[in-house]
Amino acid sequence: MKRLLPLFSRLASTLGLLLAVVVLNFLLIQMAPGDPVSVIVGEMGGASEELIARMRAEYGLDQPLHVQLGVYVWKILHGDFGFSYYFKEPVLSLILQRLPATILLVVTALAVAVLVGTLLGIFSARRPRGPLNYLVTLVSLAGYSAPVFWTGLMLVILFSSILPLFPVSGMADVRGAETFLGGVADVAHHLVLPAVTLASIYIAIYSRLSRATMLDVLGADYIRTARAKGLSERRVVYGHALRNALIPVVTMVGLQFGQLFAGAVLVETVFNWPGLGRLAFESILRRDYPTLLGILFFSAILVVVANILTDIAYGLVDPRIRTRKPAAARKPKATGAPR
Amino acid sequence: MLNRLKQFTLAAAVALALGATALGGAGAQAAPEDGGTLVVGTTQVPRHFNGAIQSGQATALASTQIFASPLRYDANWNPQPYLAKSWEVAADGLSVTLHLVEGATFHDGQPITSEDVKFSIMTIKKNHPFTTMLAPVTDVETPDPQTAVIKLAHPHPALLLAMSPALMPILPEHVYGQGDIQSNPANLKPVGSGPFVFEEYKQGEYYKLKKNPNFFIKGRPYLDEVIVQIIGDPTSMVLSMRRGDIDLVPYVSAVRDVQMLQKTEGLTVSDKGSDGFGALNWLAFNTKKPPFDNPDVRRAIGYAIDKKFILDRLLGGIAQRAYGPIVPSSPLATDQVEHYDLDLAKAKELLDKAGLKPGADGVRLTMTADYIPGFTDQGRNIVEYLRTQLRQVGIVVEVRNSPDFPTWAQRISNYDFDVTEDNVYNWGDPVIGVNRTYLSSNIRKGVIWSNTQQYSNPDVDRILEQAGQEMDPAKRAALYAEFQKIVVDDAPILYLNVSPFNTVYKSNLKNPPLTIWGAASPFDEVYWDKK
């Protein structure tokens, strides 16, 4: 029971946080000018005052703000995310339709960024003054500073228009694939440019981060010991140093999960990727409050889950960091040196 | 001048049509071929597919493939039989009788009867945003399943055009008759009687339509499948088109896109296919706000703007000049109105007359200018141009950006503006799309694309009401000519150009949709030349 206590307190604080997210989001969205009815009426090419009043009443927009908020929180507590004003579908089903595409994009981009980023970091750490180091620094800084949508457009112009290697946009060929495997290959083909675009920023961050920690770790005593034992350089770097160098990267991945979603909004919009990010963008433009609130709420949950996963990942990378074990239970090491 | 031009255009069109027929005869034996898929690209997301309760191109594109309507129109504004094999307008103009084709069925196999026609017309009258379109309809009588008689309170010359596929889809009463039409689930899974059957919709991605094997016009449609792909970003769409991933894009209007696609091999760019919409780009004043309540100030600004510069430089020569509230391609348009050709001296004189003398810094007046966000060529660029241009007559223009459409719509519809660029459609007949901008009864706060200029002139109100009931085309045209003259003189709006909507398609696509409604009309005649 005692061991479960931290879990309960964490759960409680998480729920409180989510509630705060819901209320804050609700109030923020209300501050934008215009409302969903004005958008719908605009797209219809105008409407009578009666119809406008009828729609406002139907959506509950004629109620005072605190009543609307109360109704919304009450619904959320019952697992009801409401009905999209614009798409005329339950918000939950809209989100579930779009979620897989976003997860595929974000996870692929993250994997590419971590893999490429750390490898570049290690390479440049091993020869900190070499030409490769400067090249990596240059490329990664360029990737970091360029706006995502610009990178995306440039990649499209280069790899879709000048060199017709990849499709311009979308997640799959609308004409449809013949076989299941053909469909998978088609989606993978469409995934390349958006994933690389989204990854481009994070490659820079991870390569800088892993380069710095790698340099740090390579100077540590235990590395000298490992080298003294006569281990090959490869074993020293990848067997001993890498694990410790990865800890800050893992922390960063956890922290940046939320930002990745923010990046996905732009990438999905540029590449017409049918995910949550584009749905969020469209919902903002249409003042589709329920859909937008639903997406924000879902992203909040995803960020919380990502944080928990990060904690677990710590444990895998470094067994000494275990959240559930009280610190006192840990056996102190004989020496201060890491392992 | 323009009339002569119009005659010439008409003659050219006829010659072209004859030529095309001759070519078709030569190519021969080239009867339209069956089969193939057509991929259409669009940037617009449809809210749903029921054109009876929703206007706009996004819904009309789908709705006109899925639902048939009583009549359809060719490229020269001539009505053609469709679900109605023939029709008669009564001598007093107070009723229109439709004779429906026999044996036509909806996609679920149910026969189409006059009851369905009655249900559809009454549904549209009650729910469609264009309230003036069917307002005079009092009842629809159904003497037998093949005959529908539309009863009118007064003669209604716009009624025949309102029977177009884009405006009058015939819905099956047994599907849409129960409950509130706005929330009917069939709006997203439509059942109609048009050439294509709805198959699936991937929200915001694409929708697929399959050939209707039991279409009431035998042997059509030729295509097996129509897929409409929704691409949010216009640049991506142009690149996809150039790569050949998309076969047809209707309503392309960005200058650079048009020029780039014109240069792409294998593509044809046509400026046909949007006369019915008649989208006009203009600058609208808040006529209740001083000093813009003074017509001389508005006229002065009109004389200070170089329309030729806008057309040639900003719009790359692809847009046509508009002189008045009715789109020049309409048979009711006239160019016998004040043209407001560039005349800076006259502009200054009018401003002096209005009491706006230049101060020590040469400034007479500071004003704001808005534009619809997302409109670059016809919006932002033009308003930016005004800033430098109007400085020459002592007017300082502050450009106001709106982050998104709702922000702009809220400002304009609540009269919080001096002048705004705006893009408004004629929708074929003045009664449908023009009256709303000028009738003083349509000054409705909070409603965008009502009379947001707050323009009010009893003469205009009277003429529009009269013209809306005049069945004699010549008399009607005369009334509208008078209306156009008054409105252009009063200058609540300065007319700039017709929005250059272009239809872009692969050159081996035959019978592309180039009628007055373009892609908002059935694709039953479209086919692929497979050679």
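Residues numbered from 1 in each chain as written. Chains lettered and ligands numbered in written order. Predicted model: local features only at pLDDT ≥ 70, side-chain atom pairs only at ≥ 80, totals over all residues. Heavy atoms only, no water.

1. Examining the interface of chain A and chain B
At the interface, 46 residues of chain A touch 43 residues of chain B. Taking both sides of the interface into account, the surface hidden between chain A and chain B amounts to around 3700 Å²; carbon and sulfur atoms contribute 53%. For the interface between chain A and chain B, the tally reads two salt bridges. As a salt-bridge pair, B:Asp404 and A:Arg287 come within 2.6 Å of each other at their nearest N and O atoms. Summed over the shared surface of chain A and chain B, the result is 11 residue pairs in polar contact (both at pLDDT 80 or more). Of all the secondary structure elements, the ones that give two or more residues to the side of chain A that touches chain B are α2 (36-44), α3 (49-58), α5 (91-126), α7 (148-162), α10 (233-271) and α11 (276-285) of chain A. (Contact = heavy atoms within 4.5 Å. Buried area = accessible area lost by both parts, 1.4 Å probe. Salt bridge = Lys/Arg side-chain N within 4 Å of Asp/Glu carboxyl O. Polar contact = N/O pair within 3.5 Å; in protein donor to acceptor, adjacent residues only side chain to side chain. Helix = DSSP H or I, 4+ residues; strand = E, 2+ residues; numbered from the N terminus.)

2. Points about the packing of helix α15 (residues 458-467) of chain B against helix α16 (residues 473-490) of chain B
Residue and element names in this part refer to chain B. Orientation of α15 relative to α16, taken along the N-to-C sense of each, is 160°, at an axis distance of 9 Å. Between α15 and α16, the angle falls in the class roughly antiparallel. Once α15 is placed against α16, the crossing between them reads as left-handed. In this structure, α15 contributes Asp459, Val460, Ile463, Leu464, Gln466 and Ala467 to the contact, and α16 contributes Arg476, Leu479, Tyr480, Glu482, Phe483, Ile486 and Val487. For the contact of α15 with α16, the per-class residue count stands at nine nonpolar, one polar and three charged. (Axes fitted to C-alpha atoms, helices over the stretch in contact; angles between N-to-C directions. Parallel < 35°, antiparallel > 145°, perpendicular 65-115°, else oblique. Left-handed = near helix turned anticlockwise from the far one by under 90°. Nonpolar A, V, L, I, M, F, W, Y, C, P; charged D, E, K, R; others polar.)

3. Brief notes about α16(B)
Residue and element names in this part refer to chain B. Here α16 spans 26 Å end to end across 18 residues, near enough to the 26 Å set by a 1.5 Å rise per residue. Buried within α16 are the following residues: Arg476, Leu479, Tyr480, Phe483, Gln484, Ile486, Val487, Val488 and Asp490. The inward-facing, buried residues of α16 abut α8 (295-304), α13 (430-433), α14 (435-438), α15 and β18 (493-498). Near the N-terminus of α16, the side chain that reaches the backbone nitrogen of alanine 474, with its oxygen 3.0 Å away, is that of aspartate 472. (Expected span 1.5 Å × (residues − 1). Buried < 20%, exposed > 50% of the residue type's maximum accessible area, 1.4 Å probe, protein only.)

4. Re the side chain of B:Ser499
Residues and elements named next belong to chain B. Assignment of secondary structure puts serine 499 in the loop between β18 and β19 (502-506). Here serine 499 falls in the buried class, since its relative accessible area comes to 4%. The contact partners of serine 499, leaving out residues within four places of it in the chain, are Ala279, Asn281, Gln378 and Asn423.

5. Section: the environment of B:Ile66
Residues and elements named next belong to chain B. Along the polypeptide, isoleucine 66 turns up in helix α2 (residues 57-66). Remark: the alpha-carbon pair of isoleucine 66 and asparagine 50, spanning 16 residues in sequence, is separated by 9.1 Å. The residues contacting isoleucine 66, other than those within four sequence positions of it, are Phe49, His107, Pro190, Gly192, Ser193, Gly194, Phe196, Phe198 and Leu209.

6. Observations regarding the packing of aromatic side chains
All names here are of chain B. Evaluation of the coordinates by the stated rule reveals 33 aromatic pairs over all chains. Both rings, one in tyrosine 82 and one in phenylalanine 216, keep their centres 5.6 Å apart while their planes meet at 55°; by these two values the pair is tilted. Here tyrosine 82, found in the loop between β3 (79-81) and β4 (84-89), pairs with phenylalanine 216, found in the loop between β9 (206-211) and β10 (225-230); they are 134 residues apart in sequence, far enough to count as distant. A relative accessible area of 3% means that tyrosine 82 is categorised as buried. Its relative accessible area of 14% is what places phenylalanine 216 among the buried residues. Here the aromatic rings of phenylalanine 215 and phenylalanine 216 are separated by 4.8 Å at their centres, their planes lie at 45°, and the arrangement is tilted. Residues phenylalanine 215 and phenylalanine 216 agree in their burial class; the two are buried. What links up through ring pairs into an aromatic cluster is the set Phe130, Tyr251, Phe277, Tyr425, Trp427, Phe501 and Trp517. (Phe/Tyr/Trp six-rings, centres within 6.5 Å; stacked < 30°, edge-to-face > 60°.)

7. Details of the confidence of the model for chain B
Confidence along chain B averages 92 in pLDDT terms, with 94% of residues attaining 70 or more. Confidence drops under a pLDDT of 50 for residues 1-29 of chain B, and excluding neighbours within four residues, the segment shows seven contacts in the predicted structure. (pLDDT = per-residue confidence, 0-100.)

8. Some details on the confidence of the model for chain A
In this model, chain A carries a mean pLDDT of 82, and residues with pLDDT of at least 70 account for 91%. Within the model, the stretch residues 323-339 of chain A combines pLDDT values under 50 with nine contacts to residues more than four positions away or in other chains.

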